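Listed below, chain by chain, are the residues.
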Amino acid sequence: NSGVSIVRMATTTTENVNEMFSMNQDSAKRIILVGHIDFQCALVCLTKYGELDTTFGTSGKTILSFQKDGNDLKTVIFTSTIDDQDRIYVAGYAVGTIQNNNNEDERDDDTETTIFNNLILARFTKDGSLDTTFGENGTGYRIEQTSNIDQIYYSTIDTVNEKIHLCGYTEF
């Protein structure tokens, strides 16, 4: 062992954007890496020895798409933290499109509206599944939508006294 752990993130040959932005350690000394794979949220759990922890997610990984109004969102997760119950909080931004159907002149004229960089905050259990006691309607996550303002959260999450504090920036 050279002290290096290499983890294959892609699950198919079509995935081409794999980035890990955050790393934390839980109470069992497992290493949790957080980022995205082809704009899906990605968590990877390694044992303290750098091997995939197969008790986490699917074979050591959790990869999923978040949805808003039934539409998949492109997600980039920049930050994470683990609380004293080993729950994993992740935050970043989510971008998606929605279809607005405009039939005022009796034509079937679909127009596409883009939702820009909305805050996404999710919580996972220590086994890598979404915590359905958190977020909106049992989803395990919360999306804060804004109107035409880019909001990107990628700094620190702090779970002091059961409160979540996020840092980031917005562009006008």
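For clarity, every value in this text was computed on a predicted model and none was experimentally measured.

1. Quick look at the packing of aromatic side chains
For any pair of aromatic rings, the description rests on two quantities: the centre-to-centre distance and the angle between the ring planes. Scanning all chains against the criterion turns up four aromatic pairs. Ring plane angle 50° and centroid distance 4.8 Å describe the contact between Phe21 and Phe78, whose orientation is recorded as tilted. Highlighted residues: Phe21 in strand S1 (residues 18-25) and Phe78 in strand S6 (residues 71-82), separated in sequence by 57 residues. For the pair Phe78 and Tyr93, a centre-to-centre distance of 5.8 Å together with 35° between the ring planes defines the contact as tilted. Placement of Phe78 in strand S6 and of Tyr93 in strand S7 (residues 88-102) is noted, with a sequence separation of 15 residues between them. Three or more aromatic residues link up through ring pairs in this structure, and these residues are Phe21, Phe78 and Tyr93.

2. Here's the deal with the sheet that holds strand S4 (residues 61-64)
The strands making up a sheet associate through hydrogen bonds between their backbones, and the pairing can be parallel or antiparallel. Reading across from one edge, S1-S2-S3-S4 is the order of the four strands in this open sheet, with antiparallel pairing throughout. Each end of this open sheet is capped by a strand with a single partner; those strands are S1 and S4. Ignoring strand direction, the axes of neighbouring strands in this sheet form an average angle of 15°.

3. Quick word on the side chain of Asp86
Along the polypeptide, Asp86 turns up in the loop between S6 and S7. Of the side chains with opposite charge, Lys126 lies nearest to the buried Asp86, which makes no salt bridge, at 5.4 Å. For Asp86, the contacting residues outside a window of four places in its chain are Asp26, Ser27, Thr125 and Lys126.

4. A look at the confidence of the model for the chain
When pLDDT is averaged along the chain, the result is 78, and 65% of the positions lie at 70 or above. Within the chain, strand S3 (residues 40-46) carries the highest mean pLDDT (93), whereas strand S10 (residues 150-158) carries the lowest (59).

5. Some details on the pattern of salt bridges
A full pass over the atoms with the stated rule returns five salt bridges. Where Arg30 meets Asp53, a salt bridge forms, and the shortest distance between an N and an O atom there is 3.1 Å. Here Arg30, found in the loop between S1 and strand S2 (31-37), pairs with Asp53, found in the loop between S3 and S4; they are 23 residues apart in sequence, far enough to count as distant. The residue Asp83 makes a salt bridge to Arg87 at a minimum N-O spacing of 2.7 Å. Exposure remark for Asp83: the relative accessible area of 8% places this residue in the buried category. Several salt bridges share partner residues, and in doing so they unite Asp26, Arg30 and Asp53 into one network.

Cut-off values and rules
- Residues numbered from 1 in each chain as written.
- Predicted model: local features only at pLDDT ≥ 70, side-chain atom pairs only at ≥ 80, totals over all residues.
- Heavy atoms only, no water.
- Phe/Tyr/Trp six-rings, centres within 6.5 Å; stacked < 30°, edge-to-face > 60°.
- Helix = DSSP H or I, 4+ residues; strand = E, 2+ residues; numbered from the N terminus.
- Pairing = 2+ DSSP bridges.
- Axes fitted to C-alpha atoms, helices over the stretch in contact; angles between N-to-C directions.
- Buried < 20%, exposed > 50% of the residue type's maximum accessible area, 1.4 Å probe, protein only.
- Lys, Arg positive; Asp, Glu negative; His and termini not counted.
- Salt bridge = Lys/Arg side-chain N within 4 Å of Asp/Glu carboxyl O.
- Contact = heavy atoms within 4.5 Å.
- pLDDT = per-residue confidence, 0-100.

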